[in-house]
Amino acid sequence: MASNTQHHELALPRLDAPVRLLAVVAPYYKDITDGLLSGVRATADAAGASLDVIEVPGALEIPTAVGLAARSGQYDGFVALGCVIRGETTHYDTVCNDSSRALTLLGLQGVCLGNGILTVETMAQAQVRADPAGQNKGGGAAAAALHLVALARRWAGAAQPAAPAHDVIRLAGELEGQGKA
């Protein structure tokens, strides 16, 4: 059931240098992902960001594609787009949980991304959320990626903590009384 609750949305960040975004789309429900992508394009345009788009077979492949692209160093941020609608089996739970968990892990590694993978009960719910004139979840995912890019740039010049004197494996051996290697 959709709610009429109003939510606060942050204004798009001010970016001092061009931003290059990559939208990774799983077009299983193409009408839905086309709506999500329209929202992403509008938000990227409003922020002055460039946008590339690639497609992957399904929602489970989105994190892998984001990870590969992040390692290439060609993009500042990423937007994950897809739609998973509950069916008759537990496959829905696996796809929702695993794709979300993998995207979260990428984020914790410093990848700036917005998660626009819809997880819904019905097609009608997906349509409302994907519509740029409705809930505009694609635009929201792009805005999230842009905010994280702005934060990453802000903190890029901050002093980094000193690296530990020992690597973790060697230290573990020392704690077990094996001494230094």
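Treat the numbers as computed from the prediction; the structure is a model and nothing was measured.

A word on the pattern of salt bridges
Under the criterion given, the structure shown has six salt bridges. For Asp34, the salt bridge identified is with Lys30, shortest N-O distance 3.0 Å. With a gap of four residues between them, Asp34 and Lys30 both fall in helix 1 (residues 30-47), about one helical turn apart. Its relative accessible area of 44% is what places Lys30 among the partly exposed residues. The partner of Asp76 in a salt bridge is Arg153, with the nearest N and O atoms 3.6 Å apart. Pair noted here: Asp76 is in the loop between helix 2 (62-72) and strand 3 (77-85) and Arg153 is in helix 5 (residues 137-156), with a separation of 77 residues, a long-range link. Salt bridges sharing partners connect three or more residues here, namely Arg86, Asp93 and Glu121.

Overview of a nonpolar patch on the surface
Nonpolar side chains collect at one region of the surface, where Leu148, Leu151 and Trp155 lie side by side and expose about 270 Å² of accessible area between them. Structurally, Leu148 is set in helix 5. Take Leu148: its relative accessible area is 34%, and that puts it in the partly exposed class.

Quick look at the packing of helix 2 against helix 3 (residues 91-108)
Following both chains from N to C, one finds helix 2 and helix 3 inclined at 20°, their axes separated by 9 Å at the closest point. Relative to helix 3, helix 2 is oriented roughly parallel. When you trace helix 2 past helix 3, the crossing you get is left-handed. Where helix 2 approaches helix 3, its residues Ile62, Pro63, Val66 and Gly67 are matched on the opposing element by Ser99, Ala102, Leu103 and Leu106. Counted by class, the contact of helix 2 with helix 3 contains six nonpolar, two polar and no charged residues.

Side note on helix 3
Along its 18 residues, helix 3 runs 26 Å from first to last C-alpha, staying within 8% of the 26 Å computed at 1.5 Å per residue. Along helix 3, the residues classified as buried are Tyr92, Val95, Cys96, Ser99, Leu103 and Leu106. All buried residues of helix 3 project into a common sector of 110° when viewed along the axis, lining one side. Those residues of helix 3 that are buried are in contact with helix 2, strand 3 and strand 4 (113-120). Immediately downstream of helix 3, the backbone of Gly110 shows phi near 100°, a positive value.

Some remarks on the packing of aromatic side chains
Under the definition given, this model contains two aromatic pairs. For the ring pair Tyr28 and Tyr29, a centre distance of 4.9 Å and an interplane angle of 85° mean the geometry is edge-to-face. By relative accessible area, Tyr29 is classed as partly exposed at 24%.

Here's the deal with the pairing of strand 1 (residues 20-25)
Counting buried positions over the six residues of strand 1 gives five, a clear majority of the element. Of the strand pairs in this sheet, strand 1 and strand 2 (residues 50-55) are connected by six bridges, and their pairing is parallel. From the neighbouring strand, Leu22 faces strand 2, where its bridge partner is Asp52. One crossover worth recording links strand 1 to the parallel strand 2 by way of helix 1, and it is right-handed. Where strand 1 and strand 3 come together, five bridges link them in parallel fashion.

What counts and what doesn't
Residues numbered from 1 in each chain as written. Predicted model: local features only at pLDDT ≥ 70, side-chain atom pairs only at ≥ 80, totals over all residues. Heavy atoms only, no water. Salt bridge = Lys/Arg side-chain N within 4 Å of Asp/Glu carboxyl O. Helix = DSSP H or I, 4+ residues; strand = E, 2+ residues; numbered from the N terminus. Buried < 20%, exposed > 50% of the residue type's maximum accessible area, 1.4 Å probe, protein only. Patch = residues over 30% accessible without salt bridge, like charges linked within 9 Å, V, L, I, M, F, W, Y side chains within 5 Å. Areas by Shrake-Rupley, 256 points an atom, 1.4 Å probe, with all protein chains shown as cover. Axes fitted to C-alpha atoms, helices over the stretch in contact; angles between N-to-C directions. Parallel < 35°, antiparallel > 145°, perpendicular 65-115°, else oblique. Left-handed = near helix turned anticlockwise from the far one by under 90°. Contact = heavy atoms within 4.5 Å. Nonpolar A, V, L, I, M, F, W, Y, C, P; charged D, E, K, R; others polar. Expected span 1.5 Å × (residues − 1). Arc of directions from axis to C-beta. Phe/Tyr/Trp six-rings, centres within 6.5 Å; stacked < 30°, edge-to-face > 60°. Pairing = 2+ DSSP bridges. Right-handed = clockwise from strand over helix to strand, strands pointing away.

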